[in-house]
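Take a look at the letters that make up each chain.
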Amino acid sequence: MQKQLFTYKSTTLLYYQSSKTPKLLIVSGFHGDETEVIEPLCDAVLANVHRLPPFLFVPVACPSAVAAGTRLNKNNRD
């Protein structure tokens, strides 16, 4: 499984890809006021890499909202 970074404009996302052809997308961290699931989901995915189908995992989809602890991102978008 590869840990990678994707950058678009001023946002950089960390993601994990278990194969070149993922079949499953796992995403968390959309809202910064709902972060309780991020760590347990990361633990579960990383502990079960070999039991999951090929996947792409984005632990934090909106880093600016998570960093601010708010529902809105740095552009005041929900």
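Only a predicted model underlies this, so the values are computations on that prediction, with no experimental measurement involved.

Enquirer: Where do I start with the sheet that holds strand 4 (residues 55-58) in this structure?
Expert: Within a sheet, adjacent strands bond to each other through the backbone by hydrogen bonds, running parallel or antiparallel. Spatially, the four strands line up as an open sheet ordered 1-2-4-3, and their pairing is mixed. Only two strands of the sheet have a single neighbouring strand rather than two, namely strand 1 (2-8) and strand 3 (24-27). Strand-to-strand twist in this sheet, taken as the mean axis angle between neighbours without regard to direction, amounts to 25 degrees. Sheet topology places strand 2 (residues 11-17) next to strand 4; two bridges connect them, and they run antiparallel. From the neighbouring strand, Y16 faces strand 4, where its bridge partner is F57. In the packing of helix 1 (residues 38-47) onto the sheet, contacts are made with strand 2, strand 3 and strand 4, and the angle to strand 4 comes to roughly 155 degrees.

Reading the values: the criteria
Residues numbered from 1 in each chain as written. Predicted model: local features only at pLDDT ≥ 70, side-chain atom pairs only at ≥ 80, totals over all residues. Heavy atoms only, no water. Pairing = 2+ DSSP bridges. Helix = DSSP H or I, 4+ residues; strand = E, 2+ residues; numbered from the N terminus. Axes fitted to C-alpha atoms, helices over the stretch in contact; angles between N-to-C directions. Contact = heavy atoms within 4.5 Å.

None of the figures reported here should be taken as evidence of function without further support.
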